[in-house]
Amino acid sequence: MEARRETVSGVGDAGGVTLLGKYTMCRLIGQGSFAKVYYAKSVADGTGYAVKVIEKKGLDQGTLPRILREVSVMRRLSHPNIIRLHEVMATKTKIYLVMEHAAGGELFRLSRRGPMKESAARRYFQQLLPALRFCHANGVAHRDLKTHNLLLGRDGTLRVSDFGLSALPEQLTDGLLRTACGTPGYAAPEVVTGKGYDGATADAWSCGAVLFELLAGYPPFADSNLIVLFNKIVNRQFKFPPWFSPAARQVVFRLLDPNPATRITIDRVMTLPWFQKSYRPIDQNRCPSPFFPEQDKCCDATTLTPMNAFHIISLSSGFDLSGIFETGKKTKKRFTTVAPAEEISEQVQRVGSELGYRVENTKQGMVRLSTMTTVVHVEIQQIVPSMYLVEVTPGAPAGGAVPEFEICWKDIKTGLEGLGVQWQNDGI
């Protein structure tokens, strides 16, 4: 009986399962790389919740900080247009984040049905910007704003969700953020080029991309080639559909300003006549501040032990580009760097030589490292003028199979640390 109370695994086996005596798991409503989300009802009063179930055994060093960050951020944000965290629980094998259930689904599904009427798009935008202003006032930059992460409540009101890539004040270096993260089509130029950036200003750019998508039915920047996509972002290469009103064009254009110093701020947008039209601010007082309990609640079998989020995760995968660049094959490794191409190539060759590899420049931007049993290909690609993407992939020796790549990679990776890289497959 105890095992059944805890088990929540497959798509079809959750119905009717009681989670730790508090929630009846009803159905699977979403699935990500390291978690499943179920719709559940409170045993006490029947209230519906979304429960994110995370297997502890599947966590790696890149995922742990993301979960901790999401919990920490959601605990400090209490706003009608931000998804609320109800409580955190844990067993020996799983972590459970019990959150407000947004019955209306993702705004993405509406945006991809075609262009919205300007009045409807503005209504969602009038809910998004105050929520972000509240985040920024509390020291939180979202850093992964997109229509997939904007949910709708049962009454159609917007909820900002997924704070796994968000930033807190303690992550600042000289007043700026340094980690390149987010989803490329929505990320600001200063983020994709690896420069230091202000989180609120970068979020403003993403708001411009979201507004364009709502009004157009498709995002402003899209391309299957990542290098082409980054160049479009940096050079603001997009076209307005003819149905955009002049006022809406102006708002989008000023938000999608590649220069963060001249980009319009969220506060300023909220004063524009276009934004103010039919605007009715939500009474923030209707969202109680102490929504989250004084202590997180964690369960270990039948015993409830008070623990904070840090303890939960210690028991135990938005540029964090890992979600963008992952292909499902764990052998390919990638990193970005602002070091010059010549320096990257020289460092790769030096590391290869020191590790005993035969080093060959097969063509411009390509280095081949080989031994009798191992082959490693290193490709250097320019993304934008000040940033390079480096891919490291295994090859098969003549007449042989591809060897265990992970062992070779650890040595190569250690030797490349001096390039000031942002690792993409192993977390940042």
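Residues numbered from 1 in each chain as written. Predicted model: local features only at pLDDT ≥ 70, side-chain atom pairs only at ≥ 80, totals over all residues. Heavy atoms only, no water.

## Description of the environment of Glu100
- Along the chain, Glu100 turns up in strand E6 (residues 94-100).
- Note: C-alpha distance between Glu100 and Glu87 (13 residues apart in sequence) is 9.9 Å.
- Apart from residues lying up to four places away in sequence, Glu100 is in contact with Ala50, Ile82, Ile83, Arg84 and Arg159.
- Side chain to side chain, Glu100 and Arg159 meet in a polar contact 2.7 Å long. (Helix = DSSP H or I, 4+ residues; strand = E, 2+ residues; numbered from the N terminus. Contact = heavy atoms within 4.5 Å. Polar contact = N/O pair within 3.5 Å; in protein donor to acceptor, adjacent residues only side chain to side chain.)

## Structural notes on the pairing of strand E4 (residues 48-55)
- Counting buried residues along E4, 6 of its 8 residues qualify, which places the element largely inside the surrounding structure.
- Bridge analysis of strand E3 (residues 35-42) against E4 gives 7 bridges, and the strand direction is antiparallel. Bridging from a neighbouring strand, Val37 pairs with Lys52 of E4.
- Hairpin connection of E3 to E4: 5 residues between the antiparallel strands, including Gly46 at a positive phi of 80°. (Buried < 20%, exposed > 50% of the residue type's maximum accessible area, 1.4 Å probe, protein only. Pairing = 2+ DSSP bridges.)

## Remarks on the nonpolar core
- In this structure, Phe125, Leu128, Leu129, Val160 and Phe163 are the most contacted members of the largest nonpolar core, which totals 81 residues.
- By residue number, the principal contributor to this core is helix H6 (residues 199-216), which donates 11 residues.
- Here Phe163 is in contact with Arg69, Glu70, Val73, Met74, Leu77, Ile82, Cys135, Val140 and His142, once residues within four sequence places are set aside.
- Grouped together as the second largest cluster of nonpolar side chains are 20 residues, Phe335, Leu369, Val392 and Ile412 included. (Core = buried A, V, L, I, M, F, W, Y, C linked by side-chain atoms within 4.5 Å.)

## What to know about the confidence of the model for the protein
- Scored by pLDDT, the protein comes out at a mean of 79, with 79% of its residues at no less than 70.
- Within the model, the stretch residues 1-13 combines pLDDT values under 50 with 31 contacts to residues more than four positions away or in other chains.
- Predicted confidence is poor over residues 286-329, with pLDDT under 50, and the contacts of this stretch with residues over four places away or in other chains come to 115 contacts. (pLDDT = per-residue confidence, 0-100.)

## Some points on the sheet that holds strand E9 (residues 158-160)
- Across the sheet, 3 strands lie side by side as E7-E8-E9; this open sheet has antiparallel pairing. The open sheet is flanked by strand E7 (105-106) and E9, the only strands paired with a single partner.
- Alignment of E7 against strand E8 (residues 150-152), held across 2 bridges, turns out to be antiparallel. Across the sheet, Gly105 pairs through a bridge with Leu152, a residue of E8.
- Of the strands in this sheet, E8 and E9 touch helix H4 (residues 118-137), which is tilted by about 35° from E9. (Axes fitted to C-alpha atoms, helices over the stretch in contact; angles between N-to-C directions.)

## Points about the pattern of salt bridges
- Counted by the stated rule, this structure contains 12 salt bridges.
- Salt-bridge contacts for Glu118 lead to Arg122; the nearest nitrogen and oxygen are separated by 3.7 Å. Pair noted here: Glu118 and Arg122 are both in helix H4, with a separation of 4 residues, about one helical turn.
- Overall, the relative accessible area of 24% leaves Glu118 in the partly exposed class. (Salt bridge = Lys/Arg side-chain N within 4 Å of Asp/Glu carboxyl O.)

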